[in-house]
Amino acid sequence: MKTIPTLLILLTALAGHAQESIKWPQHKKAAIVLTYDDALVSQLNVAVPQLEAAHLKATFFLTGDIDPATIPRWRKLGKRGFELANHTIFHPCLSTDDNPVHSENYTPYSMIREIEVMNHFLYAVDGKTNRTYAYPCTETTAGGKDYVDSLRKFNQIKYARGGGDASDFITDFKRLDPMLVPSFGVEDNTTGAQLIAFVKKVQQAGGMGVLMIHGIGGDYITISAKAHQEMLDYISKNKNELWVPTFQQAMDYIKQANKPFGPVGRVTAKAERLNPIKPKTPPAKAQKTTGV
Ligand SMILES: [Zn+2]
């Protein structure tokens with residue numbers, strides 16, 4: 001019977017080893033990425049003042065179906081270090097009553113073309129060229145065909161955010177598909193306590209949690225201004241442990257970290273694998289003693 005717990009411990013250790021964790025910058029423990037979809041006015045009026053008061057940055061996935069009067073306000077956000085990102089022009093999704101543009105009428109090609117034109121629109125707003133993307137309604141099909149690989153080949157989108165729920169955060173960074181990054185799709189009336197519970201789970205796991213938020217104190221799929229503030233307060237209190245980059249900053253960091261000789265700790269691991277016995281003597285002396 002003694003062998004069973006030992007085996008369990010061994011298996012747990014192996015499972016833990018198989019998951020590729022990551023070292024976050026500035027000795028932080030976890031990353032939280034705040035993303036806001038659909039260019040909603042409540043984001044500008046409620047979320048942005050709260051974010052700025054907390055000195056936090058975030059990513060806004062804009063559509064072309066935007067109130068033109070708000071464009072200068074989005075532009076200002078771009079200048080202040082927030083990320084403006086691509087969420088298509090028309091937000092095509094599978095047919096539902098409240099969705100005017102149906103993705104069934106698209107092809108992967110026409111979807112990609114639309115994303116490309118939205119990139120041009122965003123360039124006109126903030127003058128930037130590197131873009132991330134969020135799938136409308138978190139669906140990855142156009143005309144019934146999956147377009148993730150077309151988007152990958154397209155090369156004008158660096159990373160793409162998908163959907164998920166409060167159990168969807170990332171801990172295995174080697175297996176993360178940069179074109180299908182999961183997120184916690186925050187639902188109507190999610191409380192501050194529920195948002196904080198998600199952040200805490202990510203913090204404890206040392207992972208990355210991406211939140212997908214819509215309305216804040218207004219618009220639709222709405223959380224209260226209070227709930228949003230409570231989450232930001234928790235993040236601020238835990239600033240020593242939580243890194244809060246934009247989606248693009250987080251993914252750039254992960255991409256770099258996943259390189260074999262990236263800057264975040266893999267150098268040692270890889271060097272040890274390649275060179276299991278480290279010579280303690282300088283190379284010249286080592287050569288002499290071994291006669292090479
Ligand atoms: Zn959307």
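Residues numbered from 1 in each chain as written. Predicted model: local features only at pLDDT ≥ 70, side-chain atom pairs only at ≥ 80, totals over all residues.

Draft legend 1. Structural context of the packing of helix α6 (residues 192-205) against helix α7 (residues 225-237). Look at α6 against α7: their axes get within 8 Å of each other, and the N-to-C directions meet at 30°. As summarised for this structure, α6 and α7 are arranged roughly parallel, according to the angle between their axes. Both α6 and α7 take part in a crossing whose hand is right-handed. In contact with G192, L195, I196 and V199 of α6, α7 contributes K226, A227, E230, M231, Y234 and I235. For the contact of α6 with α7, a count of residues per class yields 7 nonpolar, 1 polar and 2 charged. (Axes fitted to C-alpha atoms, helices over the stretch in contact; angles between N-to-C directions. Helix = DSSP H or I, 4+ residues; strand = E, 2+ residues; numbered from the N terminus. Parallel < 35°, antiparallel > 145°, perpendicular 65-115°, else oblique. Left-handed = near helix turned anticlockwise from the far one by under 90°. Contact = placed C-beta atoms within 7 Å. Nonpolar A, V, L, I, M, F, W, Y, C, P; charged D, E, K, R; others polar.)

Draft legend 2. Up close: the nonpolar core. I32, F60 and M208 are the most contacted members of the largest nonpolar core, which has 65 residues in total. Among the elements that take part in this core, strand β1 (residues 30-37) stands out by supplying 6 residues, more than any other. (Core = buried A, V, L, I, M, F, W, Y, C linked by C-beta atoms within 7 Å. Buried ≥ 20, exposed ≤ 12 C-beta atoms within 10 Å, placed from the backbone.)

Draft legend 3. Up close: α7. End to end, α7 covers 18 Å across 13 residues, agreeing with the expected 18 Å (1.5 Å per residue, within 8%). Those residues of α7 not exposed but buried are A227, H228, M231, L232 and I235. Looking straight down α7, one finds that the buried residues subtend no more than 135° of arc, so they occupy a single side. Summarising the geometry of α7, the exposed residues directed more than 90 degrees from the buried face are K226 and K237. (Expected span 1.5 Å × (residues − 1). Arc of directions from axis to C-beta.)

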